[in-house]
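# Structural overview for review
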Amino acid sequence: MSLSLYYFVNLTAVHILMTWSLYLPYRLRRLHFMVIANMGIAAYAAGYLTTVAGWPFGTILPLGALLGATTALLIVPVTADAPPFTVAIVGLTLISLTTLLIENSEIFGGTLGLFGIPSIHRDPSAGRLLLLAVTWLCGLAVAAGIAVFERSRWGIAASIAFVDRDLAESNAVNVRQLSFFVQLAGSTIAGIAGVLYAFTMRGLFPGFFSFRYLGVLMTILFVGGYTTPWGPFLVAPLVWGIPLLLPEGLQSWRIVLYAVALIAVLMLRPEGLVTRDLLRRITALLRRPQKSP
Amino acid sequence: MTTLIAQLVNGVSLGSVYILLVTGFNLVLLVARVVHISYPHTVVLSMYAAWYGMSLADNSITAGVLAAVFTGILVNAVMAPIFARFSHRGVQADINSTMVVSLAIGLAIVELLSHGFNNGFPVSFSGFFRAGGTTFGTDVLHLSVAHLLALILSVGLTASLFFLLYRSAWGRRARAVAEDALGAAIAGVPVALTQRYSFLIGGTLAGVSAIILAALLGFASSTLADLVAIKALAVSIIAGLGHLVGGIAIALALGILEALAQGYLGGTWANAVALVVLLVVLLLRPKGLFGSRL
């Protein structure tokens, strides 16, 4: 596998994980932007622990999840019941604060970044394949978790609360508890994605964990469709990949292209490209009995 | 003591800019029900327009001022119909959608500033804008023209806005729409037109804020947009979304806090202190100190 293909495939998985970390809280209309900060914290912690303390990847990966969850526990008890706009602004503030603190910390390389993260295997090419497998396995595990959630009582409750919170509460749904759970889950996934990103790139730059990256994720989520987890899964490779095919001069304008795509989709197809209705139709089509000749 | 007084003066001036920013943001939020996250980005875009206008017109301040105000109004006028697409029957906007769209517009503006002007480098203002004008005062109290400009324009424009809101026909319509858009529509108030005017007034405030910010800072950069945005939006939440008077008080307090932190801790940590304080208050009072008007 070529190096560029490896980066494309692995980073696509990381972006899908990150978009799902936004998708889950948005099931309750909460734009939980804090996940970018969770990702940044986990990535830098991974970079520091492996380069300075020499910790192995196998220990750092679960630690990333734990770190994502722990940092979320400081914030989520409040944002679980806060108005959607407050949740979004708390997230944006945390992104700014995290970037600012990393940029001013010498142990993390300051504005220059943190480099020299080792491969997860002595043989770099075997390390890449191993990491690819681990990343996609994490993706599968998260997908399975989301599938279980979607079919559970909580998933159905989230769908009701998305449309009408009062209706959900009158049906004995504890919206605050549900919101707490999905935001915590989102931050935990972001912690895992942060560690995977650090070991994929093997170098970290604080500017990455910024509003620009948030723009990429928002485009994947809203263009793909926020009503099903399939939207981000199908659209992430396209959103992430198409700009790579553009001429070099246009590549630096990709965020503008994302923004235009995001606004256009919200105006023309508010639920995104992959909707529940579309999935229902496809399922019905596949289940339709074939007529014998 | 001298540092304290100097930083208090700086703080009040900076707070004046935040007042204009938050007032413009709240106006659009109250009347058009649009969470205009990219409003501070419009301000920074207007700063760049002022720089561009001045560089075209041999550093003419008039050209810079006109370019900034024109850009503020134009950008808001272009955005108004986009946001209008997300209002149901023209009276109630989908706040989450407007927030996402506004965020996308903000990202596009930052990208435009990063690539489209001065090869991506921060722009520096010349002449009056560089040093904030002549400095005068006593041994203890130093004032620059920029400080006075910030105070006078902020007080003048905020007072004018309140006069407009409480003493004009448009103000009555705007308050009716803010109170109950559907009821106002039934009573014959042209809701869409009133909302568009709120965008134009917000644009004017954005242009003037850009001029004051340019005079106070002497430069503009693409990263400034996001930082200003966070602070302005956090102030509006802490005050209580849509609470005009609360927004003024909190904006002034933030300006003073930031300037004091800058005086005693240095530039970078001043931002960190401001963000931490905003975060703590947001977490303690997520619905605002003065109560939301939404």
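Calculation notes
- Residues numbered from 1 in each chain as written.
- Chains lettered and ligands numbered in written order.
- Predicted model: local features only at pLDDT ≥ 70, side-chain atom pairs only at ≥ 80, totals over all residues.
- Helix = DSSP H or I, 4+ residues; strand = E, 2+ residues; numbered from the N terminus.
- Expected span 1.5 Å × (residues − 1).
- Buried ≥ 20, exposed ≤ 12 C-beta atoms within 10 Å, placed from the backbone.
- Axes fitted to C-alpha atoms, helices over the stretch in contact; angles between N-to-C directions.
- Parallel < 35°, antiparallel > 145°, perpendicular 65-115°, else oblique.
- Contact = placed C-beta atoms within 7 Å.
- Nonpolar A, V, L, I, M, F, W, Y, C, P; charged D, E, K, R; others polar.
- Core = buried A, V, L, I, M, F, W, Y, C linked by C-beta atoms within 7 Å.
- Domains from an automatic or database assignment.
- pLDDT = per-residue confidence, 0-100.
- Left-handed = near helix turned anticlockwise from the far one by under 90°.

## Some thoughts on helix H4 (residues 95–116) of chain B
All names here are of chain B.
- Here H4 contains 22 residues, and its C-alpha end-to-end distance of 30 Å stays within 8% of the 32 Å for a straight helix at 1.5 Å per residue.
- Counting buried positions along H4 yields 16 of 22 residues, so the element is predominantly enclosed.
- A positive backbone phi angle near 50° is found at Asn118, which sits one or two residues after H4.

## Considering the packing of H4(B) against helix H10 (residues 222–239) of chain B
Residue and element names in this part refer to chain B.
- Packing of H4 against H10 leaves a shortest axis separation of 8 Å and a crossing angle of 150°. Taken as axis vectors, H4 and H10 run roughly antiparallel relative to one another. Taking contact as the criterion, the partners of Gly106, Ile109, Val110, Leu113 and Ser114 in H4 are, on H10, Ser222, Ala225, Asp226 and Ala229.
- Considering only residue class, the contact of H4 with H10 consists of five nonpolar, three polar and one charged.

## Looking at the nonpolar core
- By size, the foremost hydrophobic cluster in this structure holds 189 residues, and its most contacted members are A:Leu17 and B:Met47.
- In terms of residue count, helix H1 (residues 2–32) of chain B provides more of this core than any other element does, 14 residues in total.
- Counting residues domain by domain, this core receives three or more from each of domain 1 (3–209) and domain 2 (210–287) of chain A.
- Ignoring sequence-local partners within four residues, the contact set of B:Met47 consists of B:Ala68, B:Ala210, B:Leu213, B:Ala214 and B:Ala220.

## Structural notes on helix H11 (residues 244–265) of chain B
- The end-to-end C-alpha separation of H11(B) is 31 Å, in line with the 32 Å expected for 22 residues at 1.5 Å each.
- At the C-terminal side of H11(B), B:Gly266 shows a positive phi close to 105°.

## A word on the domain arrangement of chain A
Residue and element names in this part refer to chain A.
- According to the domain assignment, chain A consists of domain 1 (3–209) and domain 2 (210–287).
- Look at where the C-alpha atoms of domain 1 and domain 2 centre, and you get two points 19 Å apart.
- Elements supplying a minimum of two residues to the side of domain 1 that touches domain 2: helix H1 (3–26), helix H4 (84–103) and helix H5 (124–151).
- Sorting elements by how many residues they give to the side of domain 1 that touches domain 2 places H1 first, with eleven residues.
- Taken together, the residues of the side of domain 1 that touches domain 2 sort by class into 15 nonpolar, five polar and no charged.

## Focus on the environment of A:Phe57
- Structurally, A:Phe57 is set in helix H3 (residues 57–79).
- Not counting residues within four places of it along the chain, the set of residues in contact with A:Phe57 comprises A:Ile120 and A:Phe199.

## Some points on the interface of chain A and chain B
- Taken together, the contact between chain A and chain B spans 35 residues of the former and 34 residues of the latter.
- Of all the elements in the fold, those that place two or more residues in the side of chain A that touches chain B are H3, H4, helix H9 (211–224) and helix H12 (254–268) of chain A.
- In terms of residues, the side of chain A that touches chain B owes the most to one element, H4(A), which gives 13 residues.
- In the side of chain A that touches chain B, the residues fall into 27 nonpolar, six polar and two charged.

## Comments concerning the confidence of the model for chain B
- Averaged over all residues, the pLDDT of chain B equals 85, while 91% of them reach at least 70.
- Under the prediction, the complex receives an ipTM of 0.85, its pTM being 0.89.

## Examining unusual backbone geometry
- For A:Arg202, which is not glycine, the phi dihedral falls at a positive 60°.
- Among the structural elements, A:Arg202 can be located in the loop between helix H8 (175–201) and strand E2 (203–204).
- Under the C-beta neighbour-count criterion, A:Arg202 is labelled partly exposed, with 19 such atoms within 10 Å.
- Backbone geometry at B:Arg33 places phi at a positive 55°, although glycine is not the residue there.
- Relative to the assigned elements, B:Arg33 resides in the loop between H1 and helix H2 (39–56).
- By the C-beta count within 10 Å, which is 22 here, B:Arg33 ends up buried.

## Here's the deal with the packing of H1(B) against H2(B)
All names here are of chain B.
- Put simply, H1 and H2 touch, their axes get as near as 10 Å, and they point 130° apart. In terms of orientation, H1 and H2 fall into the oblique class. In this structure, the crossing between H1 and H2 has a hand that is right-handed. Each of Leu21, Gly24, Phe25 and Val28 in H1 lies in contact with H2, whose residues at this interface are Tyr39, Pro40 and Val43.
- Across the contact of H1 with H2, the residue classes tally to six nonpolar, one polar and no charged.

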